[in-house]
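Given next are the chains, with one letter for each unit.
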Amino acid sequence: MNRRFFLKSGGIALASMGMSLSAPSFLERVVMGREAITGGRRKTLIAIFQRGAVDGLNMVVPFGESSYYDLRPNIAIPKPDAANAESAINLDGFFGLHPAMKPFKSLWDSKRLAIVHASGSPDNSRSHFDAQDYMESATPGVKSTPDGWLNRYLQNKKGGQESSFRAVSLTRTMPRVLMGRAPAVAMANVSEFTIRAGKSSANVQSSFEEIYAQQSKDKLAGTGRETFDAVNYLKKANPAQYKPENGAEYPSNQFGNSLRQIAQLIKADVGLEIAFTDVGGWDTHVNQGNGRGQLANLLAQFSTAIAALYQDLGQRMDDVVVLTMSEFGRTVKENGNRGTDHGHANAMFVLGNSVQGGKVYGRWPGLKTDQLYEGRDLALTTDFRDVFAEVASRHLGATDLKSVFPGYSQSKPKGFLS
Amino acid sequence: MNRKSIVVTLVVCIVASQISAQKRSKPRGLTEEQRIVHVLNRLGFGARPGDVERVKSMGLENYINQQLNPEKLADTLAENKVKDLAVLNMTTAELYEKYPQPGQLVRQLQNRGLLPKELAETNDKNPRENPEYRKLIQQYYKENGLEQPQRIIAELQASRILRAVYSERQLQEVMVDFWTNHFNVFAGKGADRWLLPAYDRDTIRPYALSKFSTLLQATAQSPAMLFYLDNFQSVSPNANNNRGPQMERRQQQQPQQQPQQQQRPRRGINENYARELMELHTLGVDGGYTQKDVQEVARCFTGWTIFQPRGGAAAVNALRGEAARRTPGTFFFNHRTHDDGEKIVLGHKIAAGGGINDGLKVLDILAHHPSTAKFIATKLVRHFVSDTPPPALVERVAAAFKKSDGDIRETLKAIFFSNEFNSPEAYRAKVKRPFELVISAIRTLGADTNGGPGTHQWMARMGEPLYGFQTPNGYSDAAESWVNNGGLLERMNFGVALAANRVNGTKVDLTKVAGANADKGKMIDESVKTILAGELSAATRETLMKQLDQADSLTKVVGLILGTPEFQRQ
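## Details of the nonpolar core
Stage number 1. Counting 227 residues, the largest nonpolar core has Phe 349 of chain A together with Met 175, Trp 179 and Leu 412 of chain B as its most contacted members.
Stage number 2. Counting residues per element, this core draws most heavily on helix 11 (residues 294-313) of chain A, which supplies 11 residues.
Stage number 3. In this view, Met 175 of chain B contacts Ala 208, Leu 209, Leu 380, Phe 384, Ile 408 and Leu 412 of chain B; residues no more than four positions away in its chain are not counted.
Stage number 4. If you look at the next biggest cluster of nonpolar residues, it comprises 39 residues, including Ala 167, Phe 276, Leu 401 and Tyr 408 of chain A.

## Some words on the pattern of salt bridges
When their charged atoms lie close together, side chains carrying opposite charge are able to pair.
Stage number 1. Summed over the entire model, instances satisfying the criterion amount to 56 salt bridges over all chains.
Stage number 2. For Asp 283 of chain A, the salt bridge identified is with Arg 330 of chain A, shortest N-O distance 3.1 Å. In this pair, Asp 283 of chain A is assigned in the loop between strand 8 (274-279) and helix 11 and Arg 330 of chain A in the loop between strand 9 (320-325) and strand 10 (346-351), connecting sequence segments 47 residues apart.
Stage number 3. The partly exposed category is assigned to Asp 283 of chain A, whose relative accessible area is 28%.
Stage number 4. Note that Asp 477 of chain B and Arg 433 of chain B form a salt bridge whose closest N and O atoms lie 3.7 Å from each other. A residue pair is termed long-range when its members are at least 10 positions apart, and Asp 477 of chain B in the loop between helix 25 (453-461) and helix 26 (485-499) and Arg 433 of chain B in the loop between helix 23 (408-416) and helix 24 (434-444) qualify at 44 residues. The burial state of Asp 477 of chain B is the same as that of Arg 433 of chain B; both residues are buried.

## With respect to the sheet that holds strand 4 (residues 96-97) of chain A
Residue and element names in this part refer to chain A.
Stage number 1. Overall, antiparallel pairing links the 3 strands, which are arranged 2-4-3 in an open sheet. Lying at the two open borders of the sheet, with one neighbouring strand each, are strand 2 (60-61) and strand 3 (89-90).
Stage number 2. Sheet topology places strand 3 next to strand 4; 2 bridges connect them, and they run antiparallel. Bridging across to strand 4, Asn 90 finds its partner in Gly 96.

## Examining the pairing of strand 8 of chain A
Residue and element names in this part refer to chain A.
Stage number 1. The element strand 8 is largely enclosed, with a buried count of 5 among its 6 residues.
Stage number 2. In this sheet, strand 8 lies alongside strand 1 (residues 44-50) in parallel orientation, the contact comprising 6 bridges. By the bridge assignment for strand 8, Ile 48 is matched with Thr 277.
Stage number 3. Pairing between strand 6 (residues 167-169) and strand 8: 3 bridges, direction parallel. Counterpart to Val 168 in the pairing with strand 8 is Ala 275.

## Here's the deal with the packing of aromatic side chains
Stage number 1. Inspection of the entire model under this criterion finds 33 aromatic pairs over all chains.
Stage number 2. In textbook terms, an aromatic cluster arises when at least three aromatic residues are bridged by ring pairs, as seen for Phe 178, Trp 179, Phe 183, Phe 212 and Phe 401 of chain B.
Stage number 3. Its end group placed over the ring of Phe 49 of chain A, Arg 51 of chain A keeps NZ or CZ at 4.5 Å from the ring centre.
Stage number 4. The residue whose ring lies beneath Arg 461 of chain B is Trp 458 of chain B, and the NZ or CZ to ring-centre distance is 5.1 Å.

Calculation rules
- Residues numbered from 1 in each chain as written.
- Chains lettered and ligands numbered in written order.
- Predicted model: local features only at pLDDT ≥ 70, side-chain atom pairs only at ≥ 80, totals over all residues.
- Heavy atoms only, no water.
- Core = buried A, V, L, I, M, F, W, Y, C linked by side-chain atoms within 4.5 Å.
- Buried < 20%, exposed > 50% of the residue type's maximum accessible area, 1.4 Å probe, protein only.
- Helix = DSSP H or I, 4+ residues; strand = E, 2+ residues; numbered from the N terminus.
- Contact = heavy atoms within 4.5 Å.
- Salt bridge = Lys/Arg side-chain N within 4 Å of Asp/Glu carboxyl O.
- Pairing = 2+ DSSP bridges.
- Phe/Tyr/Trp six-rings, centres within 6.5 Å; stacked < 30°, edge-to-face > 60°.
- Lys NZ or Arg CZ within 6 Å of the ring centre and 35° of its normal.

Laid out in structure tokens, this is it:
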């Protein structure tokens, strides 16, 4: 492909970045591959892992269940009550959001936020390690699966797979969910994706570029050249100067920073299709609090950061879906330390302009003793693979779901995406 | 292939065949110096200044034989370097006492009414976001002579780095790395953080060059592996009948001794270890076992467990001066939870009533299975020779394995003295893994390191934190897993940082590398000679020459050489 052909077909995308010449080779392919992907518009998934097992029952509160209050004398979230700022935010007369998740309320009202409750892994492991592993490999019960499901999606989806930034994890190391044959990049910070040699950075980088350009047949050198294409392209997007739009204010913590950088990559149009990040601290065995306290603080940061991302991306949320997950839920009954222990099913959020929101999806199994899983936990009515598969097929356009979710046949889609 | 390269290849072949006709041990193609560099790269973590000359004077074959018998090599320098790493000499029980998990300790103190008041009062917020709580915990640890558990793996990682850099027993360290990966255990899984120092010291290290069957049994009985692959909680479904009342009672009486993350143990068989034992440790995935074999092997290993796998209340007991009745975190066979019926494994009948011998018998069957010989041979050849193991060599190496009853030294000899190992095709054909890259860079510069997190962090950034691989297959030994944008960029950044003395805890003196040369062209040649045995393309040398008018030219030149595609290979 020569440059003139590239400019003709891809000029629009690049012009919008204020770039006209010397587009990197990987980007030529990105722009060319664009139309093949999803009818001309790139779709992006932002997957967020709440590591440590969030208490889904205090995050999305089943205030219509009397057992909920019986089993949680100290930590339950009170029923919606206009006079009580620490009561649940009413969603549909039965479920309510934790009061600290106020930033989600308007997204719910505008039907951009859907919830899938009583969802998770069919495996009964209550080990953080195993359950995270299963959620990321999407093969519950099978530990030897070499790759993560998002990577398998990338492997199987034809077209557009050549962008260096097709899959980016805003984490220090590559998460299990993105491990596998398809290239993906992990970085704690976008600004670190460059040659870091202080004042000599530019000089050292240009030498490296020369060195790697000289060895035309070496695979390693080829990868090096692509790397510098990507580095230079990112530099032009000028990460240091990034200003969120629409008055969005990200919380100044790691999670907020990660989401801000994901927004930045999406706006820079670098071909981002899968973004991943995680946020920890949810393992609330002791004094998890109710309307206030440990969990409340975490949920406030969590929802504020996601709502800021939504606001920042504005109309781009037409093509973006945010999906949250956590390895398992927590015991329905509070423990002796006013906390909760490891449980089973949990709640997931799906956000985006294309989401059929304002609804809690999934059958609610109830919280009476005989309705509980193993007599203690929220029972599972939606396999997490049904949620993943709906996002993969209806949002990202995956067609070969069998390869992405080996050994699993999807149930009928829930319909949170049309 | 064009005509010119055909001619060249032919000439090489002719010359090579003449050489091999003259002297059989001398392989075609590689010069003596290249052979030495090759051996130092593959049997070790690369040459230090002076190593090539040293090996040349003692003879390469002598060097290889010496490396195969590390117990006869004095290793004072490396031992001195690691002597201040306290965790290396502590038992698992001592680690539980001295390095308790703060959350677990706080709960246990709370349950016994021993939690200091100010800690109890600040304990209602998320510790990550609560600096006051963290400060009080630190204070409590300090006052009571305790250490944070993160220290354990940090010291263990440091010991691996220090030994790889300084040990004379280079092959031993390479094999420790190899087997640690083959029998992978992830530090992030539950109690494994406390169990890993013993795993390195008592399981992998002593048997890295012994019989495979010995090593296999050591791993099977190691608490680290029993925990990692869940066998410690694998219990015969019939065990309720033969499980004595004693254990039950203890659990009921002292539930507070169990940390809360530890949910009620799942009663029943866990097949995880049985499956990985065959798929990853011995036979290989196509090694000829069935799902039924997995189930039968799992039955054989029921009752192979750990006493107080998470340390019980070791820390609280120690704080109160109470002695443990039994050593927490050690292997034991619990006959009460063992399935004592008859089993059939890979066609072998294992009679009822065998107790612990069931598992031992399985290990024996697996260690001597022809699929195991082939699987281990393939992995070793991939590690030492090529990402695409030559089938003929694999066959010979597997034969050596079988003939020697799985003697690892004899198996390695079949590789090291093979034509394939010593061929030009194998020379610099392997892409270094991040651990190998970091260690070889430190060694080639003759740098001094404390092995601390400042150094380890670079390996993590490139994608290979030690004991940081989650799944049981361990880090890949093939280039395709390591050649990617993010990883390659960090490799270059590491080279640049190391040369500029910006790697915390590691110091280099570049005049040792290049000499104090006034002639700058010579400075480049000396650096290339030290780091790449003089093998660098003319074009790259030209690029380096351009740096000479710049400030800090030596720093930049060395950083760039460490970041070249050539130095990523071994």
